[in-house]
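A look at the structure
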Amino acid sequence: MAFNLKNMATEISSIGKEALLSRLFEGSGWINERGCAFSGDGDFSTVHKVFMEKVDFDLTYNPLRHLGHKLALNVIGELYARFSSPVGLDVTVALSNRFSVEDVQDLWEGISAAAKEHGAGHLALDLIPSAAGMVVSIAAWGSTAKEVTEKRKKAQSKDLLVLSGDLGAAYMGLHVLEREKAAFQGTPAGAAPKQPDLSQYKYIVGEYLSPYLKPDIPGRFSEAGIIPCGGYFVSRGLGDAAKRIAADTGLGVKIYIGRIPIASKTFEMAQELNLDPVTAAVNGGDDYRLLYIVPLEFHETLRRDFQDWDIIGHLAHSDVGEVLVTPEGAEIGIHAQGYEQ
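So, a few notes on the structure that sits alongside this text. Note that the coordinates shown come from a computational prediction; the quantities given were computed from them, not determined experimentally. (Residues numbered from 1 in each chain as written. Predicted model: local features only at pLDDT ≥ 70, side-chain atom pairs only at ≥ 80, totals over all residues. Heavy atoms only, no water.)

1. Notes on the sheet that holds strand β11 (residues 331-333)
Taken in spatial order, the seven strands line up as β6-β8-β5-β9-β7-β10-β11 in an open sheet, and their pairing is mixed. Strands with a single pairing partner mark the edges of an open sheet, and in this sheet they are β6 (230-234) and β11. Across the sheet, the axes of successive neighbouring strands diverge by a mean angle of 25 degrees, strand direction being ignored. (Pairing = 2+ DSSP bridges. Helix = DSSP H or I, 4+ residues; strand = E, 2+ residues; numbered from the N terminus. Axes fitted to C-alpha atoms, helices over the stretch in contact; angles between N-to-C directions.)

Shown next, in the form of structure tokens:
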């Protein structure tokens, strides 16, 4: 991974927006379905998110291909949380005149790669001008099988909380990138900027820049006969997800600290930065994990057939609130950004 340097590139105005859009779809197997309503079998769900440069991403260290892929996964992950399969993506990119044809191509390659990986058969793209950098708006459509909505049970106390992977790594990776960015931009005038060596941080930096979601997650659960009572895309920390679960179900949430999966590289970086890895897992972000509420009756099925998922806790009576349970059995209230403390 290299920090971005300015290169000679083709101005969008030299070929025009419509010609660029045609070039992006040429030979891709998709047509640009601007203005079309996507449809499919079963119940439909939609997700719409807007991502802003210098707020949601920093182009100093986010390669545009990785960024496009990551932003597409952000909305696809929300569909999977709802137990929906992706059908289509409608993308609008606002660009200032500092962006080139090659920049748009890189961004779109990442977005379309994510669409292909996750079976989204419909794509739409539009480009509009921006006075302030890059803004990416993505609306995603997903289809939920009728049997899911018909058989889904209401969440209740003792239902299990099941997580798709380790937490905190992306937050630590962001710390590394911000630290190296400061050094990169502090290069003395006249000296050539030195690209940072991030090889020892490959895992945590990769989790931030290029997260991964396994395709067809709902299909795997359905094949096992499991229909979650609800699901959450954990991209703003586990604490945020716990707060949303409590608000949506009216129940308490117990998460056991000893069961939260945290990678060894995350522990190492936390020690280097003098940070608490559990705090990174609970209050960090960009982990791109799924958290499902699964009826207690499927406990053995989860243990047998979903060993790559972790049972990290369960729902409880509402008077419990949202708590972390220590190995000694003490309960600590969960705090999350954006919520009153």
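2. Quick notes on unusual backbone geometry
For Asp216, which is not glycine, the phi dihedral falls at a positive 55 degrees. Phi at Asp286 is positive, roughly 65 degrees, even though this residue is not glycine. Along the chain, Asp286 falls in the loop between α10 (277-283) and β8 (289-294).

3. Some remarks on the pairing of strand β7 (residues 252-256)
Along any regular strand, the residues point their side chains to alternate faces of the sheet. With four of its five residues buried, β7 lies for the most part within the structure. Pairing of β7 with strand β9 (residues 310-316) involves four bridges; the strand directions are antiparallel. Its bridge partner lying in β9, Gly252 is registered against Ala316. Where β7 and strand β10 (residues 322-325) come together, four bridges link them in parallel fashion. Looking at the pairing, Lys254 lines up with Val323 of β10. (Buried < 20%, exposed > 50% of the residue type's maximum accessible area, 1.4 Å probe, protein only.)

4. Overview of the pairing of strand β2 (residues 85-95)
Counting buried positions over the 11 residues of β2 gives eight, a clear majority of the element. Strand direction decides the pairing type here: β2 and strand β3 (residues 122-129), joined by eight bridges, are parallel. Along β3, the bridge assignment pairs Thr92 with Asp126.

Don't take any of this as a statement about function, it's just geometry.
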